[in-house]
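The chain contents come next:
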Amino acid sequence: MSTKREEQIIDTYYTSIHTLHRRNANEGRWLRYMQKDGRFLVSFRKCPGDWSPYLQDIFTTLIEIRWRIMFLVFSLSYILSWIFFSFLYWLIAYINGDTQSVDNNPCMDNVRGFTEAFLFSMETQATIGYGHKGMTENCIGAIIVFTIHDVFSCLLDTIVIGIVVAKMASARKRAQTVGFSSCAVVNLRNGDLCLSWRLGDFRGNHILEGFIRAHLVRYVKQREGSVVMLYQELDLENPHVVLAVPTTIIHKLKPGSPLYRMTPDDLQEEHFELVVCFTYTGDSTGLLHQTRVSYNPADIHWGQRFQDMLKVGKRHYKVDYALFNETTWVSVPMLWAEAYERERRHPNEDDSLIPPVTENGNIYWATIDCPEEVVVRTTL
């Protein structure tokens, strides 16, 4: 009784979700949750504190800004610091009378005007030291300012170098060399309908271990006008990945899967996104990285499989990345996974041939008992 009750609850849940989402699809254009490159299409308005979180974590803020803005900020930080300390040096020289007379005991040698004070400030902070300008022991105030200037210049150089190194070693750069296939496919594996996609590392220093997760994301508009995001995690057969060679990530369409009751036609009508995240540690830097991708229903190809790209040579395993996104048609029943399992348990000889599917001018025939091979095409 409990099992039957659970099945009724699951049926009611999926039916309500499909009904709500089909209603939302008719109300307007569907908006992607995440781009193919992993960027989330989410904008924030009236955040608590406005700019204060960015200023409090200024180091992370400078790492995340664009390179051209970072160069502008760093250039202004140096130039403004030179101008500020040059003003202090000129003020000391003016109070001591160095700008009016050359016969008194100067606080700084050869600093008579603002231009010379600016050059002295730049030479001090950049440790250039042309030799014509220098600090004397006549003014204790000038020595204090000179000491503060030296400490500030060391601190500023440390911040600049640290941010540049951190930005160059950013996890986003390493993530660009780890890629997912441009599409996902549904085919038969060991007699079961499975959803799969490819994952590969394009660098020579391969990732030895990583963890991959997949969520089916969709939004539902409530009657009162609010929007609710729904997340359903997919069970993967191989979530822990050793990425020495490209691997295929597999999700079996079994009870509990959000795709268990979806037919190929339902995939074209439904509005959801398959968000995949691969988290791993770079072996060169030891930093934690993450690569993301998003597949919408149009990116899921029913009845296709990825072409073989791995071959065994005499001394090496050969990987042809030209075939990374290439697929070929295979014989797959055009049934949702639940109906396919029923058909396997109670085969009907009269219905062993599934109705053909027409696409791109070709007719694709599939039978339930046929092996996993390329389907026969009949050109119209």
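Look up a bit, the structure's there.
Residues numbered from 1 in each chain as written. Predicted model: local features only at pLDDT ≥ 70, side-chain atom pairs only at ≥ 80, totals over all residues. Heavy atoms only, no water.

### Some remarks on the nonpolar core
Thought 1: Grouped together as the largest cluster of nonpolar side chains are 38 residues, with contacts concentrated most on L195, W197, I212 and F278.
Thought 2: With sequence-adjacent residues up to four places away left out, I212 is seen in contact with F180, W197, L199, L236, N238, P239, V241, I249, V276, C277 and F278. (Core = buried A, V, L, I, M, F, W, Y, C linked by side-chain atoms within 4.5 Å. Buried < 20%, exposed > 50% of the residue type's maximum accessible area, 1.4 Å probe, protein only. Contact = heavy atoms within 4.5 Å.)

### Examining unusual backbone geometry
Thought 1: Despite not being glycine, N190 has its phi angle at roughly 55 degrees, a positive value.
Thought 2: Along the chain, N190 falls in the loop between β4 (184-189) and β5 (192-201).
Thought 3: Given a relative accessible area of 78%, N190 falls into the exposed group. (Helix = DSSP H or I, 4+ residues; strand = E, 2+ residues; numbered from the N terminus.)

### Some remarks on the packing of aromatic side chains
Here the distance between the centres and the angle between the planes together describe a pair of aromatic rings.
Thought 1: Scanning the entire structure with this criterion turns up 14 aromatic pairs.
Thought 2: Geometrically, the ring pair formed by Y321 and F324 is tilted, given 5.6 Å between the ring centres and 40 degrees between the ring planes.
Thought 3: Judged by its relative accessible area of 4%, F324 is buried.
Thought 4: Members of the aromatic cluster, joined through ring pairs, are Y78, W82 and F118. (Phe/Tyr/Trp six-rings, centres within 6.5 Å; stacked < 30°, edge-to-face > 60°.)

### Structural notes on helix α9 (residues 337-345)
Thought 1: Buried within α9 are the following residues: A337, E338, A339, Y340, E341 and E343.
Thought 2: Looking at the buried residues of α9, the elements they touch are β4 and β5.

### Digging into a nonpolar patch on the surface
Thought 1: A cluster of nonpolar side chains, contributed by L72, L76, I79, L80, I83, F87, L91, Y94, I95 and F114, occupies part of the molecular surface with about 950 Å² of accessible area.
Thought 2: Here the nonpolar patch takes 9 residues from helix α4 (residues 67-96), the largest share from any one element.
Thought 3: Counting through the fold element by element, L76 comes out in helix α4.
Thought 4: Classification of L76 as partly exposed rests on a relative accessible area of 42%. (Patch = residues over 30% accessible without salt bridge, like charges linked within 9 Å, V, L, I, M, F, W, Y side chains within 5 Å. Areas by Shrake-Rupley, 256 points an atom, 1.4 Å probe, with all protein chains shown as cover. Salt bridge = Lys/Arg side-chain N within 4 Å of Asp/Glu carboxyl O.)

### Concerning the side chain of T124
Thought 1: Assignment of secondary structure puts T124 in helix α5 (residues 114-125).
Thought 2: Within the local environment of T124, its side chain forms a polar contact with the backbone oxygen of F120, the two atoms lying 2.7 Å apart.
Thought 3: The contact partners of T124, leaving out residues within four places of it in the chain, are Y89, F146, H149 and D150. (Polar contact = N/O pair within 3.5 Å; in protein donor to acceptor, adjacent residues only side chain to side chain.)

### Description of the pattern of salt bridges
Thought 1: Using the criterion set out here, one finds 7 salt bridges in the structure.
Thought 2: In this structure, E233 engages R213 in a salt bridge whose closest nitrogen and oxygen atoms are separated by 3.1 Å. Here E233, found in strand β7 (residues 227-233), pairs with R213, found in strand β6 (residues 207-221); they are 20 residues apart in sequence, far enough to count as distant.
Thought 3: Judged by relative accessible area, which is 42%, E233 ranks as partly exposed.
Thought 4: Take R213: its relative accessible area is 37%, and that puts it in the partly exposed class.
Thought 5: A salt bridge links E338 to R261; the nearest nitrogen and oxygen atoms lie 3.3 Å apart. Of this pair, E338 sits in helix α9 while R261 sits in the loop between β9 (247-252) and α8 (264-269), and the two are 77 residues apart along the sequence.
Thought 6: By relative accessible area, E338 is classed as buried at 15%.
Thought 7: Classification of R261 as partly exposed rests on a relative accessible area of 22%.

### Section: α4
Thought 1: Along its 30 residues, α4 runs 44 Å from first to last C-alpha, staying within 8% of the 44 Å computed at 1.5 Å per residue.
Thought 2: For α4, the full list of buried residues reads M70, F74, Y78, S81, W82, F85, S86, Y89, I92 and A93.
Thought 3: In this structure, the buried residues of α4 make contact with α3 (58-64), β1 (108-109), α5, β2 (134-135) and α6 (140-168).
Thought 4: Trailing α4 by a residue or two, G97 shows a phi angle of about 85 degrees, which is positive. (Expected span 1.5 Å × (residues − 1).)

### A short note on the pairing of β7
Thought 1: The pairing of β6 with β7 spans 7 bridges and is antiparallel. Across the sheet, Y219 pairs through a bridge with M229, a residue of β7.
Thought 2: Hairpin connection from β6 to β7: 5 residues lie between these consecutive antiparallel strands, with G225 at a positive phi of about 100 degrees. (Pairing = 2+ DSSP bridges.)

### Focus: the packing of α4 against α6
Thought 1: Viewed as axis vectors pointing N to C, α4 and α6 meet at an angle of 175 degrees, and their least axial separation amounts to 11 Å. Taken together, the axes of α4 and α6 lie roughly antiparallel to each other.
Thought 2: Residue composition of the contact of α4 with α6, grouped by class: 18 nonpolar, 4 polar and 2 charged. (Axes fitted to C-alpha atoms, helices over the stretch in contact; angles between N-to-C directions. Parallel < 35°, antiparallel > 145°, perpendicular 65-115°, else oblique. Nonpolar A, V, L, I, M, F, W, Y, C, P; charged D, E, K, R; others polar.)

### Section: the side chain of S196
Thought 1: Tracing the backbone shows S196 in strand β5.
Thought 2: Here S196 falls in the buried class, since its relative accessible area comes to 1%.
Thought 3: Setting aside residues up to four positions removed in sequence, S196 forms contacts with A184, V185, N187, R189, T248, I249, I250 and F306.

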